[in-house]
Every structure is written in structure tokens, then in C-alpha cells.
Amino acid sequence: MNNNIRNITIIAHVDHGKTTLIDNLMKQSGSFRDNEVVDERLMDSGELEKERGITILAKPTSINWKDTRINIIDTPGHRDFAAEVERVLSLADGALLLVDSAEGVMPQTKFVLSKALKQGLKPIVVINKLDKSDQRADEVLNETFDLFVSLDANEEQLDFPVLYASGRSGWASKDIDGPRENLNPLLDLVLDHVKPSQFDRSKPFAMLSTLLYADNFLGRSLVGRISQGTAKANQQIKAINLEGEKVDEGRLTKIFRYEGTKKVPIEVGEAGDIVVIAGLEKANVADTICDLEVNEPIEATPIDPPTMSIKITVNSSPLAGTEGKKLTSTQIRDRLLLEAQNNVGISFSENANKDAFEISGRGELMLEILLTQMRREGFEMTVSPPKVLFKTDENSKKLEPIEEITMDLDEEYSSRIIDSMNRRKGKLIELKDTGKNKKRLIFHAPTRGLMGYTSRFLTLTKGTGVINRISRKI
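Residues numbered from 1 in each chain as written. Predicted model: local features only at pLDDT ≥ 70, side-chain atom pairs only at ≥ 80, totals over all residues. Heavy atoms only, no water.

S.K.: Mind showing me how you'd approach the overall build of the protein here?
M.R.: A count of helices and strands for the protein gives eleven helices and 29 strands. For 474 residues, the compact-globule estimate of 2.2 N^0.38 gives 23 Å, and the C-alpha radius of gyration of the protein, at 23 Å, lies within 12% of that figure. When its C-alpha atoms are laid out on the principal axes, the protein stretches across 65 × 65 × 55 Å. Of all 474 residues assigned to the protein, the portion counted as buried reaches 52%. Counted over contacts in the protein with a minimum sequence separation of 6, partners at least 24 positions apart contribute 71%. (Helix = DSSP H or I, 4+ residues; strand = E, 2+ residues; numbered from the N terminus. Rg over C-alpha atoms; globule rule 2.2 N^0.38 Å. Buried < 20%, exposed > 50% of the residue type's maximum accessible area, 1.4 Å probe, protein only. Contact = heavy atoms within 4.5 Å.)

S.K.: What is the right way to read the sheet that holds strand 7 (residues 171–173) from this model?
M.R.: Either a parallel or an antiparallel arrangement is found when strands of a sheet pair, and the pairing is made through backbone hydrogen bonds. Taken together, seven strands build an open sheet; the order of strands is 2-3-1-4-5-6-7 and the sheet is mixed. If you trace the sheet from one side to the other, it starts and ends with strand 2 (59–65) and strand 7, each paired once. Recorded for the sheet is a direction-independent mean angle of 30° between the axes of neighbouring strands. As paired strands, strand 2 and strand 3 (residues 68–74) are joined by seven bridges and run antiparallel to one another. (Pairing = 2+ DSSP bridges. Axes fitted to C-alpha atoms, helices over the stretch in contact; angles between N-to-C directions.)

S.K.: Got a minute to help me understand the environment of Leu-337 in this structure?
M.R.: By the element assignment, Leu-337 lies in helix 8 (residues 329–342). When the C-alpha positions of Leu-337 and Phe-348 are compared, they lie 6.8 Å apart, and in sequence the two are eleven residues distant.

S.K.: Would you mind going over the pattern of salt bridges with me for this structure?
M.R.: When charged atoms on two side chains of opposite charge get close, those side chains can pair. Applying the stated rule across the entire model yields 20 salt bridges. We note a salt bridge from Glu-430 to Lys-432, for which the minimum N-O separation is 3.9 Å. Given a relative accessible area of 34%, Glu-430 falls into the partly exposed group. When salt bridges that share partners are traced, they join Asp-100, Lys-129 and Lys-132 into one network. (Salt bridge = Lys/Arg side-chain N within 4 Å of Asp/Glu carboxyl O.)

S.K.: So what exactly am I meant to see when it comes to the side chain of Ser-360 here?
M.R.: Relative to the helices and strands, Ser-360 is located in strand 21 (residues 356–361). Overall, the relative accessible area of 6% leaves Ser-360 in the buried class. Not counting residues within four places of it along the chain, the set of residues in contact with Ser-360 comprises Pro-306, Met-308, Ser-309, Gly-345, Ile-346, Ser-347, Leu-367 and Leu-389.

S.K.: Could you clarify how one ought to interpret the nonpolar core in this entry?
M.R.: Grouped burial of nonpolar side chains is what soluble globular proteins tend to show. Core analysis: the largest hydrophobic core is formed by 26 residues, its most contacted members being Ile-11, Leu-97, Ile-127 and Phe-148. With five residues, helix 4 (residues 107–118) is the single largest residue contributor to this core. Beyond its immediate chain neighbours, meaning those up to four positions away, Phe-148 contacts Leu-97, Leu-113, Leu-117, Pro-123, Val-125, Ala-153, Gln-157, Leu-158 and Phe-160. Counting residues in each nonpolar core, the second largest holds 25 residues, with Leu-183, Leu-186, Leu-189 and Val-194 among its members. (Core = buried A, V, L, I, M, F, W, Y, C linked by side-chain atoms within 4.5 Å.)

S.K.: Please clarify how the pairing of strand 15 (residues 262–266) should be interpreted in this entry.
M.R.: Two faces, one strand: in a regular strand the side chains alternate between the faces of the sheet. As judged from the five bridges shared by strand 14 (residues 254–259) and strand 15, these two strands associate in the antiparallel manner. Bridging from a neighbouring strand, Phe-256 pairs with Pro-265 of strand 15. Count of turn residues in the strand 14/strand 15 antiparallel hairpin: two residues, of which Gly-260 carries a positive phi of about 65°.

S.K.: Help me understand the pairing of strand 1 (residues 5–12) in this model?
M.R.: Of all eight residues in strand 1, eight are buried, a share of seventy percent or more. Residue alternation in strand 1 divides its side chains into two sets, Ile-5, Asn-7, Thr-9 and Ile-11 and Arg-6, Ile-8, Ile-10 and Ala-12, and both sets are buried. Of the strand pairs in this sheet, strand 1 and strand 3 are connected by six bridges, and their pairing is parallel. Of the residues in strand 3, the one forming a bridge with Asn-7 is Asn-71. Pairing analysis gives five bridges linking strand 1 to strand 4 (residues 94–100), with the strands arranged parallel. Bridging across to strand 4, Ile-8 finds its partner in Gly-94.

S.K.: Sorry if this is basic, but what is going on with the packing of aromatic side chains here?
M.R.: Given two aromatic rings, their pairing is described by the distance between the two centres and the angle made by the two planes. Within the structure shown, the criterion is met by four aromatic pairs. Centroid distance Phe-145 to Phe-160: 6.3 Å. Interplanar angle 45°. Geometry classified as tilted. With Phe-145 in helix 5 (residues 137–150) and Phe-160 in the loop between helix 6 (155–158) and strand 6 (162–166), the pair connects residues that are 15 residues apart, well separated along the chain. Among the residues examined, Phe-145 registers a relative accessible area of 38% and is labelled partly exposed. Site record: aromatic cluster; members linked through ring pairs are Phe-145, Phe-148 and Phe-160. Lys-398 extends its terminal NZ or CZ atom over the ring of Phe-390, reaching a point 4.5 Å from the ring centre. (Phe/Tyr/Trp six-rings, centres within 6.5 Å; stacked < 30°, edge-to-face > 60°. Lys NZ or Arg CZ within 6 Å of the ring centre and 35° of its normal.)

S.K.: I keep staring at helix 11 (residues 453–460) and nothing clicks. Help me out?
M.R.: Given 3.6 residues per helical turn, the α-helix brings residues three or four places apart onto the same face. Where helix 11 is concerned, the buried positions are Tyr-453, Phe-457 and Leu-460. When helix 11 is viewed along its axis, its buried side chains cluster within an angular range of 65° and face the same direction. Phi turns positive one or two residues past the end of helix 11, at Lys-462, with a value near 55°. (Arc of directions from axis to C-beta.)

S.K.: How do you make sense of the environment of Leu-21 when you look at a structure like this?
M.R.: Here Leu-21 is to be found in helix 1 (residues 18–28). Taking the C-alpha atoms as reference, Leu-21 lies 28 Å from Ser-227; in sequence the two are 206 residues apart.

S.K.: Is there a simple way to explain the environment of Ser-197 in this structure?
M.R.: Following the sequence through the fold, Ser-197 ends up in the loop between helix 7 (184–193) and strand 8 (206–208). Taking the C-alpha atoms as reference, Ser-197 lies 7.9 Å from Asn-7; in sequence the two are 190 residues apart.

S.K.: Would you mind going over the packing of helix 8 against helix 9 (residues 364–376) with me for this structure?
M.R.: The geometry of a pair of packed helices is captured by two quantities: the angle between their axes and the separation between those axes. Their axes nearest at 12 Å, the elements helix 8 and helix 9 cross at an angle of 135°. Comparing the axis directions of helix 8 and helix 9 gives the class oblique. Where helix 8 crosses over helix 9, the two elements pack in a sense that is right-handed. Side by side, helix 8 and helix 9 meet where Ile-332, Arg-335, Leu-336 and Glu-339 of the first sit next to Leu-370, Gln-373 and Met-374 of the second. By residue class, the composition of the contact of helix 8 with helix 9 is four nonpolar, one polar and two charged. (Parallel < 35°, antiparallel > 145°, perpendicular 65-115°, else oblique. Left-handed = near helix turned anticlockwise from the far one by under 90°. Nonpolar A, V, L, I, M, F, W, Y, C, P; charged D, E, K, R; others polar.)

S.K.: Sorry if this is basic, but what is going on with unusual backbone geometry here?
M.R.: A negative phi angle characterises most non-glycine residues, just as the trans form characterises most peptide bonds. Look at Lys-425: it is not a glycine, yet its phi comes out positive at around 65°. We classify Lys-425 as exposed; its relative accessible area is 64%. Even without a glycine there, the phi angle at Lys-462 is positive, about 55°. A relative accessible area of 62% means that Lys-462 is categorised as exposed.

If you want it as C-alpha cells, here you go:
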């Protein structure tokens, strides 16, 4: 048992302030020099993440507080990247659930919290953005408690601690009107509330590969929490899949630990710590990286199935080759295979001639991000319209993806939105007044009826409405 390590993940709906809060936690814990120039939203390292202001890939970081290392994992807030959230929850001993003090409980809040509760985590609730003029912290706290109850939280989970904070201003307090000085109350609460990892150091080394990064110098870099034993540089290791079959074997060439946003090489990794290892060429996400004498794989969280797919082929138009340099089916196939290996939320299939490829994912944004990245890398291709994936149950009954849609809009537009959703087979579940002539509508609707609906919604609400969607079931 390692009392000097805490592993926590920050979960929230998109744009509720996760990455900004981490920025100030790192600054106030002394992760940077006094004269060091620090960018905003440090954890958003990708080009698209900085442009769009959303987290796409889960990323770990580490801070030191009162002789304890706190490993923090920043998670995506959009439903399409749910596979990232599901995986990284297995790294954590606790979770910070951020809820916007004005927007309150949103669809992704419900999704990520349900996953955390199933993992047995006991979240700390942080009512964030308390400096908003329209904050309603008391109501939001009640909504959050109701959400815990509706998700069948146990008594320990229902007895969650609450903090009121402003991640942007860099303060947290136990009371709404309490002192607004710094984030020390939050860091102290993490040490008190989150129990340290309980793992056996005497057993042979084993860890579950949770994240995968490509490194130009090290090759495949696998991130995970050491579940037992210790990892030592240059020791012989192997990778086994979920069935216990060996998929790779080699030497552990490098071990890194996160300190702030930097990876620092170490000689020995301890049980309970989150590390990055290099040395294996074929190991993948959900594989168990272990000592040669270990034969039992570590159980991995099953990933929700994809709900939507697109077909990608070579660009055969008369203007082919004018916008990109990577044009051949072989180049496109290799890139898509690499994406499917690195991103467990993506699945890949191809036709017999290997000149048409089908990519399946959790939603439109995930597929759009992939296509945007490929275009920026110089690929040129033809993309089909997205189609919804159906399933058949044991009674041969056809099933389709159903989504829960939450809409916040002005009261004057509610009737036309209800009419437009009825035309798309939507079912109104809840309609409530959120004050200041605003309404919140919640629908259940099939994914196939929502293709391209966001632009229609913005037209009907004259750009003032906010829509959020989350997959409900299939």
C-alpha cells in the first residue's frame, strides 16, 4: 500500500471547466518556476483541442502536495469520446465531478458519473464557475444529489463532500460565501477523501495498458497504473491480451513518470503509480503488460459499441490530387488501421478488394475529428454520408441507437422545437422552466432522426439555443 500517491480523474460535461481548473491546481502547487511562461489550458496539447476548446484525448499529469504525489487525469467532456473516459476511470482511486453553477447537471455529467459509480469511485462534487452572475449553486447541488439517487449510488457515494469553486479565478471554498483565497481546500480534501491505492509490491510486475501514444524516439508508449509489483528499467516483460494469450515480448527500455506536464525518466515504478513504459512494439490498449511469469490478464472495462459509420474510398473525382499528397488506398488504409489501433472507440473494416474502408465510431464529432486530422496530414479521400448501425437481439428483434437530447432555449421557441422533434420521432420526456423566460426540454429520439439536426435547431432558435446529446441505448 502506497500512502504517498493519490490517483484522481476530473470528469464533467463539456466546457464545465476541467482543463482550466487543472491549470490553476498546477500553478498553485508549485509545478512551475516563478518566472516560467505558462500557456492557458495546458492539458489541451493537440492543435484541434486548442482551436475548439475541447478535450479530445485523456491525458495524465502530476502535482505534489504535502509530501503526496497526486496524479490527475484530464478526461474528454464530449459524449463521442466516451471510450477515453471509460478507460481512464480504471486508473483512478477517486474522481472530481465538476458541475457548472449555472448550467447544472447536463447529459455528459450523467454519463460520466454513471461510469464512475459503477467503478466504485466516491466522487467529490465541485460546483464550479461560482463567479457567474446567473449562478444557482443551491439548486444545482440538489439536482446533483437527485442524479446520484437516480443512478443507484450507494450510501457511501451519496455522502459526497461538496466544494464551491471558480477554476478560472483559482479558488475553492467549503461554503458558498466562504473565503475565496486559493485551491488549498480542494487539494486537502483530495488527500482526506480519496483512499490511497492498495496494491501488493511483493508480487511480480503487472499493469493494464490504458492509453497509447506514438513517440518518434521511443516508439509505442503505453500508459497505465501499476497493479502489482515494481517495474524496473531493462527487465524482460511481455504483453497478454484479455484471453491470456501472449501478443508481444521484449525489454522494458524506458519508464517515465509524470511531473507536471513533463515525462521524467525513472529507474523503478511502484505499485499504484501511473507510469509510461516503452519497449514493446505490438502491445495495445487493454493488454496486460507484465513480468514473464504472470499469466492472468487484468480485467478491462468493456467499451460501449459504436453507433455510426462512414465509408472512405480513394478520391476519384476529376480534381483528385489538388488538395493533398496522400492519395492511394494503401496510404489511407494504413492510416485508418493506425487510428483503430490507438483509439478503442474506433473500429475498422474493409471490402474484399481492400479499396473501400468502413470506420465506425460513437458519433459525428468523433468521425469529424478523425477526418479533419487526416486532411491536415495531407490525405485526400472520398467520404460517404454517415449511417446508423443497427443490432439484433437474441429474439431477432432489430434495435437502433437511441439518444437523450437536452435543449436549453428561450420560451418563445419551445413550440416550434417540439414540433420539429416530433417530426424526427422524438419523444418529449421532460419540460421545465429554468428562469428568465428559459426552458429546458429533454427528448428521447433515434440517432437516425438526428442526422444534421444541430444546424436546424440553431436556425429555429435563431442561434440562441444550446443542444446536448448523449447515447442512451442500442
